[in-house]
Amino acid sequence: METMTVKSTAHAELIDVTDRIQTLLGDSGIASGLAMIHVPHTTAAVTINENADPTVVHDILADLERVAPWRQSYYRHAEGNSAAHLKSSMIGCWQTVPIEKGRLVLGTWQGIYFCEFDGPRTRRMLVKLIADAPEG
Amino acid sequence: METMTVKSTAHAELIDVTDRIQTLLGDSGIASGLAMIHVPHTTAAVTINENADPTVVHDILADLERVAPWRQSYYRHAEGNSAAHLKSSMIGCWQTVPIEKGRLVLGTWQGIYFCEFDGPRTRRMLVKLIADAPEG
Amino acid sequence: METMTVKSTAHAELIDVTDRIQTLLGDSGIASGLAMIHVPHTTAAVTINENADPTVVHDILADLERVAPWRQSYYRHAEGNSAAHLKSSMIGCWQTVPIEKGRLVLGTWQGIYFCEFDGPRTRRMLVKLIADAPEG
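Residues numbered from 1 in each chain as written. Chains lettered and ligands numbered in written order. Predicted model: local features only at pLDDT ≥ 70, side-chain atom pairs only at ≥ 80, totals over all residues. Heavy atoms only, no water.

### Points about the relation of the copies chain B and chain C
Here is the rule: To superpose the copies, least squares is applied to the C-alpha atoms of every residue with a pLDDT of at least 70 in both. The contact rule is simple, with two residues in contact once any of their heavy atoms fall within 4.5 Å.
For the pair chain B and chain C, the relating rotation is 120°, the translation along its axis is 0.0 Å, and the fit reaches an RMSD of 0.0 Å. Both chain copies can therefore be described as sitting about a three-fold axis. The rotation axis passes nearest to the C-alpha of Met-90 of chain B in chain B, at a distance of 3.4 Å. An overlap of only 9% is found between the interface residues of chain B and their copies at the interface of chain C, pointing to separate contact surfaces.

Structure below.
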């Protein structure tokens, strides 16, 4: 399992990490299997979404801010970042992507995004590459 | 990895694909392992939810429309389908289901649904079946 | 695959199951691999989030109640628990956690929570532990 560092530069941010994971996969020599991407944080996440038009990322972040506004009268958590915890559970802290012919199997418009919901911070991302068992 | 075609007939729709995946699993002869279902699209998703009473599907779709209405004043994405991108990241574009005794391990009321959020369209769904390694 | 029983005591509740899964992992003797946690229910879920400060759990539950209120005029499902179905699909009914050195790989503040959205009930949770294939 490899650990990558991801530095966010804003309070909420989606950072495209597809190329970094593909590079790791290329170095591994694995032709077929699974890539698991884990975020060991509770106010961050990882998602798969469009990587062609950056306005999609803008709109997703604005939507999440609308669905999970930073302040709520009922919040008890003293750190004040409960909205980031909600976003983390709604989006999820890990993704799995199949591997074929040494490439991540993603749709034409799909990229893998590290999701920062309480930045800016230096974060970790864990990548586990699992080769398919050889056919018997 | 198998590619299936899914045709949606509405703008937002949940399509039960459990039987198709179970059939693929039956053909594979795999007794024990994992089934991974991937949607290589950024305005669609895949989820597991009740397959007994169709009103549940109606209510989930209506809820998602309420949580992610089609129009927002802050949207910048020119294609106009940002709400579908949000839904895709909230629900997720893949699922994994364990396999035992040649069957998908699902609860009594669970089915696997392809989620169309910007249809109608012809979509793809990827299914990877992974057999457990033989015990040593 | 092991089946665990989880008893919820409230209508909506997050129950920390990390220790139970870690114990199962310890008993298995698996050093490296994957732990898959599946909830075979459509009004429950499983998530990974902060396990240090219980106010985070309070705030997440309150947030989900705001995002998915129990009553909606458009609901058709006669059982009246559509909000719980929505939450289940938004959070997801399973999680995968990597295993290294016989331990679940979780961040410092991460715990695994069974999510009850229509309790109190006695629920099931399935845990499948998969050892990495030995290196060739």
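### With respect to the pattern of salt bridges
Where we set the bar: Counted as salt bridges are all cases of a side-chain nitrogen of Lys or Arg within 4 Å of a carboxyl oxygen of Asp or Glu. Only DSSP runs of H or I with at least four residues qualify as helices, and only runs of E with at least two residues qualify as strands; both kinds are numbered from the N terminus onward. Exposed residues in this analysis have more than 50% of their type's maximum accessible area, buried residues have under 20%, and partly exposed residues fall in between, with area computed by a 1.4 Å probe over protein chains only.
Enumeration according to the criterion identifies 15 salt bridges over all chains in this entry. The residue Asp-132 of chain C makes a salt bridge to Lys-128 of chain A at a minimum N-O spacing of 3.0 Å. Here Lys-128 of chain A lies in strand β8 (residues 122-131) and Asp-132 of chain C lies in the segment after β8 (122-131), a pairing that spans two chains. Its relative accessible area of 29% is what places Asp-132 of chain C among the partly exposed residues. The partner of Lys-87 of chain B in a salt bridge is Glu-65 of chain B, and the shortest N-O contact between them spans 3.4 Å. Residue Lys-87 of chain B is located in helix α3 (residues 82-91), and its partner Glu-65 of chain B is located in helix α2 (residues 54-67); the two are separated by 22 residues in the primary sequence. You can call Glu-65 of chain B partly exposed: its relative accessible area is 35%.

### A closer look at the interface of chain B and chain C
Stated formally: As a working definition, buried area equals the accessible area (1.4 Å probe) given up by two parts on being put together, with both sides summed. Think of a polar contact as two N or O atoms within 3.5 Å of one another; within protein, one of them needs to be a possible hydrogen donor and the other a possible acceptor, and neighboring residues in sequence only count if both atoms come from side chains. As a working rule, the residues Ala, Val, Leu, Ile, Met, Phe, Trp, Tyr, Cys and Pro are called nonpolar, Asp, Glu, Lys and Arg charged, and the rest polar, with Gly in that last group.
Across the contact, 32 residues belong to chain B and 28 residues belong to chain C. Carbon and sulfur atoms make up 59% of the surface buried where chain B meets chain C, a total of about 2,500 Å² over both sides. At the boundary of chain B and chain C, one finds one salt bridge. Inspection of the region where chain B meets chain C yields 20 residue pairs in polar contact (both at pLDDT 80 or more). Broken down by secondary-structure element, the contributors of at least two residues to the side of chain B that touches chain C are β3 (33-38), β4 (44-50), α2, α3 and β5 (94-100) of chain B. Top contributing element to the side of chain B that touches chain C by residue count: α2 of chain B, with 10 residues. Considered class by class, the residues forming the side of chain B that touches chain C number 15 nonpolar, 10 polar and seven charged.

### Examining empty space enclosed by the protein
Inclusion rule: Residues are called lining when one of their atoms sits within 4 Å of a cavity or pocket point, these points coming from a 1 Å grid over the protein atoms alone, where a cavity is a set in which a 1.4 Å probe fits but cannot get out and a pocket is an open set with protein on both sides within 12 Å along at least five of seven lines. Grid points are joined across faces, edges and corners, and a volume is the space filled by probe spheres set on the points.
Here the structure, examined in full by the defined rule, presents three cavities of 30 Å³ or more. By volume, the largest cavity is sized at about 300 Å³. Around the largest cavity sit 25 residues that line it, and Ile-91 of chain A, Ile-91 and Trp-94 of chain B together with Ile-91 and Gly-92 of chain C are the ones nearest its centre. At the level of secondary structure, the elements contributing two or more residues to the lining of the largest cavity comprise α3 (82-91) and β5 (94-100) of chain A, β4, α3 and β5 of chain B together with α3 (82-91) and β5 (94-100) of chain C. Partitioned by chemical class, the residues of the lining of the largest cavity number 13 nonpolar, 12 polar and no charged.

### A few points about the sheet that holds strand β3 (residues 33-38) of chain A
Under the convention used in this document: Strand pairing requires that DSSP identify at least two bridges connecting the strands.
Reading across from one edge, β1-β8-β3-β5-β6 (chain A) is the order of the five strands in this open sheet, with antiparallel pairing throughout. Bordering the open sheet on either side are β1 (2-7) and β6 (103-104) of chain A, each of which pairs with just one other strand.

### Re the interface of chain B and chain A
Accessible area lost upon the coming together of the parts is a frequently used measure of interface size. Across the contact, 27 residues belong to chain B and 32 residues belong to chain A. A buried area of about 2,500 Å², summed over both sides, lies between chain B and chain A, and 59% of it is on carbon and sulfur atoms. Broken down residue by residue, the surface that chain B buries against chain A is led by Tyr-74, Ser-89 and Trp-94 of chain B, which jointly contribute 22%. Taken together, the connections running from chain B to chain A amount to 20 residue pairs in polar contact (both at pLDDT 80 or more). Those elements giving two or more residues to the side of chain B that touches chain A turn out to be β3, α3 and β8 (122-131) of chain B. With six residues, the top contributor of residues to the side of chain B that touches chain A is α3 of chain B. Residues that form the side of chain B that touches chain A fall into these classes: 16 nonpolar, nine polar and two charged.

### Comments concerning the confidence of the model for chain A
How we decide: As a per-residue measure, pLDDT tells how confident the predictor is, with possible values from 0 to 100.
On average, chain A scores 96 in pLDDT, and the residues at 70 or more come to 99%. Model confidence for the complex: the whole-complex pTM is 0.97, and ipTM, which rates the interface, is 0.96.

### Thoughts on the state of the cysteines
Applied cut-off: Any two cysteine sulfur atoms within 2.5 Å of one another count as a disulfide.
The full count for this structure, using the stated rule, is zero disulfides over all chains. Here Cys-115 of chain A is not disulfide-linked; the sulfur of Cys-93 of chain A is the nearest cysteine sulfur, at 11 Å.

### Overview of the sheet that holds β3 of chain B
All names here are of chain B. Pairing is antiparallel in the open sheet, where five strands are placed in the order β1-β8-β3-β5-β6. The open sheet is flanked by β1 (2-7) and β6 (103-104), the only strands paired with a single partner. With two bridges connecting them, β5 and β6 associate as antiparallel partners. Following the sheet pairing, Ile-99 is matched in β6 by Leu-104.

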